[in-house]
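# Close look at the chain arrangement
As a plain string of letters, each chain reads:
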Amino acid sequence: MILGVERETMAKKPANAISPTRQEDYPQWYQEVIKAADLAEGSDVRGCMVIKPWGYSLWENMQSVLDGMFKETGHENAYFPLFIPMRFLEKEAEHVEGFAKECAVVTHHRLEPGPDGGLVPAGPLDEPLIVRPTSETIIGATYARWIQSYRDLPILINQWANVVRWEMRTRMFLRTAEFLWQEGHTAHATEEEAVDETMQMLRVYADFAENYMAMPVVQGEKTDGERFPGAVATYSIEAMMQDRKALQAGTSHFLGQNFSKAQEIKFQDQNGQEVFAWTTSWGVSTRLVGGLLMTHSDDDGLVLPPRLAPKHVVILPIYRNDDEKSKVLEYCDRLKQDLQQQPFATGHVRVLVDDRDLRGGEKNWQHIKRGVPLRMEVGPRDVEGNAVFLGRRDQSVKDKKSVPRDEIVANVAQLLDEIQNGLFQKALEMREENTTQIDSLDDFKAYFTPKDENKSEIHGGFAWCHWSEGPEVEEIIKDLKVTIRCVPLDQNDEPGTCIFTGKPSERRAVFAKAY
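Presented here is an overview of the structure given in this document. Since the structure is predicted, the reported quantities are computational estimates derived from the model, not experimental observations.

### Quick look at the sheet that holds strand β20 (residues 387–392)
Read from one edge to the other, the open sheet built from five strands follows the order β18-β15-β19-β20-β21, with strand pairing classed as mixed. Looking at strand neighbours, the two that pair on one side only are β18 (351–353) and β21 (400–404), the edges of this open sheet. Averaged over neighbouring strand pairs, the angle between their axes works out to 25° when direction is ignored. In terms of strand pairing, strand β19 (residues 374–378) meets β20 through four bridges, oriented antiparallel. Looking at β20, one finds that Arg375 is bridged to Gly391.

### Notes on the nonpolar core
Core analysis: the largest hydrophobic core is formed by 60 residues, its most contacted members being Met62, Leu66, Phe173, Phe208, Leu293 and Leu308. Secondary-structure elements contributing two or more residues to this core are α2 (26–36), α3 (53–72), α7 (191–211), β10 (233–240), β11 (246–256), β14 (278–285), α9 (287–296) and β15 (313–317). Looking at this core element by element, the count peaks at nine residues for α7. Counting 30 residues, the second-largest nonpolar core is a separate cluster that includes Val313, Leu329, Val353 and Val403.

### So, the packing of α3 against α7
Where α3 contacts α7, the two axes come as close as 11 Å, and the packing angle between them is 145°. Judged by the sense of rotation from one axis to the other, the crossing of α3 with α7 is right-handed. Of the residues in α7, those touching α3 at Met62, Val65, Leu66, Met69 and Phe70 are Met201, Val204, Tyr205, Asp207 and Phe208.

### What about unusual backbone geometry?
Ser19 connects to Pro20 through a cis peptide bond whose omega is 5°. Between Leu153 and Pro154 the backbone carries a cis peptide bond, its omega angle lying at 0°. Its place among the elements puts Pro154 in the loop between α6 (136–146) and β7 (155–164). Of note in this structure, Asp38 is not a glycine but carries a positive phi near 60°. Turning to its location among the elements, Asp38 is positioned in the loop between α2 and β1 (40–42). Using a relative accessible area of 27% as the deciding quantity, one classes Asp38 as partly exposed. Even without being glycine, Ala214 reaches a positive phi, approximately 55°. Inspection of the secondary structure assignment puts Ala214 in the loop between α7 and β9 (218–221).

### Some remarks on the environment of Lys266
Turning to its location among the elements, Lys266 is positioned in strand β12 (residues 266–268). On a C-alpha basis, the gap between Lys266 and Val218 in space is 35 Å, while along the polypeptide they are 48 residues apart. Non-local contacts of Lys266, meaning those with residues more than four positions away in its chain, are made with Ile147, Gln148, Glu274, Val275, Phe276 and Ala277. Engagement of the side chain of Lys266 in a polar contact is seen with the side chain of Glu264, the distance being 2.9 Å.

### Notes on a negative patch on the surface
Together, Glu191, Glu192, Glu193 and Asp196 make up a region of like negative charge exposed at the surface. Residue position: Asp196 is located in helix α7. Residue classification places Asp196 among the partly exposed residues on the basis of a relative accessible area of 45%.

### Here we look at α6
Along α6, nine of the 11 residues are buried, which leaves the element largely enclosed by surrounding structure. All buried positions along α6 are accounted for by Glu136, Thr137, Ile138, Ile139, Gly140, Ala141, Thr142, Tyr143 and Ala144.

### Digging into the side chain of Asn158
With respect to the helices, strands and loops of the structure, Asn158 is situated in strand β7. When residues no more than four places from it in sequence are discounted, the contact partners of Asn158 are Asp67, Phe70, Glu76, Asn77, Ala78, Gln182, Glu183, Gly184 and Trp282.

### Regarding the packing of helix α10 (residues 322–340) against helix α13 (residues 405–433)
It is the contact of α10 with α13, at a shortest axis distance of 9 Å, that shows an interaxial angle of 30°. One element, α10, and the other, α13, form an angle in the roughly parallel class. Once α10 is placed against α13, the crossing between them reads as right-handed. For the pair formed by α10 and α13, the contact residues are Tyr331, Arg334, Leu335, Asp338 and Leu339 on the first element and Arg405, Ile408, Val409 and Val412 on the second. Per-class residue counts for the contact of α10 with α13 are six nonpolar, no polar and three charged.

### What about the sheet that holds β7?
Working definition: the strands of a sheet are paired by backbone hydrogen bonds and lie parallel or antiparallel to each other. The sheet built from 11 strands is open, its strands ordered β3-β7-β8-β14-β11-β10-β9-β24-β27-β23-β22 with mixed pairing. What marks the edges here is a single partner per strand, and that holds for β3 (76–77) and β22 (435–437). Bridge count for β3 against β7 is two bridges, and the pairing is parallel. Residue Glu76 lies in a different strand from β7, and its bridge partner there is Ile157. Sheet strands in contact with α3 are β3, β7, β8 (178–188) and β14, and its direction is about 165° off that of β7.

The rules we used
Residues numbered from 1 in each chain as written. Predicted model: local features only at pLDDT ≥ 70, side-chain atom pairs only at ≥ 80, totals over all residues. Heavy atoms only, no water. Pairing = 2+ DSSP bridges. Helix = DSSP H or I, 4+ residues; strand = E, 2+ residues; numbered from the N terminus. Axes fitted to C-alpha atoms, helices over the stretch in contact; angles between N-to-C directions. Core = buried A, V, L, I, M, F, W, Y, C linked by side-chain atoms within 4.5 Å. Buried < 20%, exposed > 50% of the residue type's maximum accessible area, 1.4 Å probe, protein only. Left-handed = near helix turned anticlockwise from the far one by under 90°. Contact = heavy atoms within 4.5 Å. Polar contact = N/O pair within 3.5 Å; in protein donor to acceptor, adjacent residues only side chain to side chain. Patch = residues over 30% accessible without salt bridge, like charges linked within 9 Å, V, L, I, M, F, W, Y side chains within 5 Å. Areas by Shrake-Rupley, 256 points an atom, 1.4 Å probe, with all protein chains shown as cover. Salt bridge = Lys/Arg side-chain N within 4 Å of Asp/Glu carboxyl O. Lys, Arg positive; Asp, Glu negative; His and termini not counted. Charge placed at Lys NZ, Arg CZ, Asp CG, Glu CD. Parallel < 35°, antiparallel > 145°, perpendicular 65-115°, else oblique. Nonpolar A, V, L, I, M, F, W, Y, C, P; charged D, E, K, R; others polar.

Structure below.
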């Protein structure tokens, strides 16, 4: 029985592992990568997904890093109810209006046998309960009980939870009826402290996106039309995907005293005066998994930045008989132990020995499509030469070479860092190549109009334009399916003229088509 294959056989493959390619049909390519990488699949519940072990491991790694960053900035984790009384939402009219069409509502508390043999809801609730779309109101009501004095502040709490928002058009990881996220909610004695918190968490998100996801982002403030319902100011990080669309990857909201007044979050200050607290909220979700995929992946499948990859190295034994098998597997196990002792990022190198009884080429391609950063093939010749045959996911499948065992063990962390940094630089160059300043409406329309509107054609990018607040701007960009992503924080005042209305403008905003 042949338990392995020679590496010449492994090299045979079709032109690409993923069909269609990015250029042929980007939306379908995205779905095919999710399937090929075994990240997730659809479920029996419309609009919901099953996150499979490889995809969930990726999310767990994101959670672990972010959780550490939150705790380093003084935050603690807690958990609040999934169900929110409807009267809580009614207290904040603007907030409710923003989420009303997406709310899932529970109206009964049990099931009973029906006349046709099925089950029917019974026991109407005295008050309908909303399945958590976000938690500002329920957490606000809790904070109102906890906060009596300035000595009770600040409260710095994060929650890891699931959220339900009914979506008409779903796409795995990017927009589903149920998704996983974290939501931070803080309360402060002064406006200045709350603003500082808002900006601090925006920087935390940007740090995570760039230094762990290898995904460059623009930090900026949302316009009035894009602001979180009920917030005084909303800030976001915006990333460019490979189809040049923007992805809002994280948000941080300065809520002022709006929710405090609605939820009666007040306290006695140092002068004995009763005042309302200043609050913030901030969050990221499993949408980051979709963002990571679209930032780095190629036409052979998923490409993972090493700092978040579930496994950094996969070792692929190659053998033809039982005698070779025992020698090769013994060599692979020792190699695994040595690699796992090497420190990398926030832990140690994570290694898998894939000794499944499958053809070598099939195993090799599974790990390519799943995005494992380093593949090490080990056959009898490698054992004799004390080497491995090394392939990198950020390079061509054919770009493999023999590397001495001791060398790869000593340099594996450096190699993973090289891949991490290379992915960031590649994504940054792609964004810079597709970012432009536009100073006329005609150029704006041309930039965001595909040559063939009947095809899934990659076009546009990030356009920095002078603008002014107003419904006339929204109408023009709506027709082009463009949105104002943010007003970048990292820019100087630049007096100009709004390209839509001709009104004076002090700064530019980033416009893009978006997810």
